[in-house]
Amino acid sequence: MTTAQTQELDVQPTPLALLLLGREADPKSERGVECPGELPSPSDPDLVARARAAKEKLGDKVFVLGHHYQRDEVIQFADVTGDSFKLARDAAARPQAEYIVFCGVHFMAESADILTSDDQKVVLPDLAAGCSMADMATAEQVAECWDVLTEAGIAEQVVPVSYMNSSADIKAFTGKHGGTICTSSNAKRALEWAFEQGEKVLFLPDQHLGRNTAVRDMGMSLEDCVVYNPHRPNGGLTAEELRAAKMILWRGHCSVHGRFSLDSVNDVRERIPGVNVLVHPECKHEVVAAADYVGSTEYIIRALEAAPAGSKWAIGTELNLVRRLANRFAPEGKEIVFLDKTVCFCSTMNRIDLPHLVWALESLAEGNLVNRIQVDKETEAFAKLALERMLALP
């Protein structure tokens, strides 16, 4: 339909329609695509030397964190590597560092800002490095969900549990409503705690981690779980369905881990006899049920470290990490392959490349603070409350 036709029908194109037609822009989606100053060329042969020089010039003033899913070209400059929560805690344990350069994604940098002192400044080399899962739950959507639970008469029975992979706003909502944060390592403990506080759990934003933990680790049934879809009226659920459920799962997922399928598992078993299938709990329930081992990123690394020489492994997690582990353990005779035939990096993690890291480090070395991630005080206070509840878990 043309613009003239819509005018004749007195139909106003929605903001989304205008965006898709290229007639409007979404400022939030465009964050970080330009850097003040000149971004180094990816073909610059001196990038590695420039990064080293800037880091040496900054000395103890800078502390570089590298998430496991980062590119090799970036991870080589990390002072510590780990998952999102480990890195945030490592930053908090380094109070002498004025600058925390977080090579990860936006919600991770927010968590680091929440846990570090006011004197420390958290920098994300590319502000467009977001997380599709975290973006699937906005503060407005979650507030509306709580209204739906209130109207169903169950809000007082519900304890929110939010995955670490969520925005500061969602962590703050969780803290404000008596809930806690969890990681993929301690999700069971977090849910056990939550069910001691109330009768039901609202699990945000990853439905798969919530379902897998409830069913696989805690003995609930699939019927105990319902999925709340923020894009449908009342989440697509009746009041009766909400009242009957124990686990109210947010309709969110990881775009990388969600790619793995039961066919992926069956195919790799046919191709590699005797293979051990090891997957992350963000994978779909049927994938987790068919796997031999299930665990967090840190669990995956420890399992491969302990694996006997000559063993074969198909890993269901982000490709940068799988490839790095395959290279690391190849000399020990361990065969490690990616679970899916299709190559799939985390596209937002990969936005942190060497040119952006060099730009950020050189800017800081010149006294220019760039791409600072700063959580407002009220949000920080409630988010920190939820994080502290997690830290207090037995």
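Structure shown above.
This structure is a prediction, so every number in the text was calculated from the model and none was measured.

Reading guide: rules and limits
Residues numbered from 1 in each chain as written. Predicted model: local features only at pLDDT ≥ 70, side-chain atom pairs only at ≥ 80, totals over all residues. Heavy atoms only, no water. Buried < 20%, exposed > 50% of the residue type's maximum accessible area, 1.4 Å probe, protein only. Helix = DSSP H or I, 4+ residues; strand = E, 2+ residues; numbered from the N terminus. Contact = heavy atoms within 4.5 Å. Polar contact = N/O pair within 3.5 Å; in protein donor to acceptor, adjacent residues only side chain to side chain. Pairing = 2+ DSSP bridges. Axes fitted to C-alpha atoms, helices over the stretch in contact; angles between N-to-C directions. Parallel < 35°, antiparallel > 145°, perpendicular 65-115°, else oblique. Nonpolar A, V, L, I, M, F, W, Y, C, P; charged D, E, K, R; others polar.

S.K.: How should helix α15 (residues 319-329) be read in this particular structure?
M.R.: Spacing of three or four residues puts side chains on the same side of an α-helix, whose turn is 3.6 residues. Those residues of α15 lying buried are L319, N320, L321, V322, L325, A326 and F329. Structurally, α15 contributes buried residues whose contacts are with α14 (297-306), β12 (312-316) and β13 (335-338). Capping of α15 at its N-terminal end is provided by E318; its side-chain oxygen lies 2.7 Å from the backbone amide nitrogen of N320.

S.K.: Is there a simple way to think about the environment of E335 in this case?
M.R.: Mapping E335 onto the fold places it in strand β13. Taking the C-alpha atoms as reference points, E335 and K312, 23 residues apart in sequence, are found 4.7 Å from one another. Every residue in contact with E335, bar those within four places of it in the chain, is listed here: I272, S311, K312 and W313.

S.K.: Hey, could you run me through the sheet that holds strand β14 (residues 372-373) in this one?
M.R.: Either a parallel or an antiparallel arrangement is found when strands of a sheet pair, and the pairing is made through backbone hydrogen bonds. Spatially, β2-β1-β3-β4-β14 is the arrangement adopted by the 5 strands of the open sheet, whose pairing is mixed. Pairing within the sheet leaves two strands with one partner each, and these edge strands are β2 (80-82) and β14. When strand β3 (residues 99-103) meets strand β4 (residues 121-123), the two strands line up parallel, connected through 3 bridges. Bridged to V101 within β4 is V123. Contacting β1 (62-67), β3 and β4, helix α16 (residues 354-365) crosses the sheet at an angle of about 175 degrees to β3.

S.K.: Help me understand the packing of helix α7 (residues 139-151) against helix α8 (residues 168-176) in this model?
M.R.: When two helices pack together, their arrangement is given by the angle between their axes and by how far apart the axes lie. Interaxial distance between α7 and α8 falls to 9 Å at its minimum, and their mutual angle equals 25 degrees. Judged by the angle between their axes, α7 and α8 are roughly parallel. On the side of α7, the interface is formed by A139, V142 and W146, while α8 contributes D169, I170 and F173. Across the contact of α7 with α8, the residue classes break down as 5 nonpolar, no polar and 1 charged.

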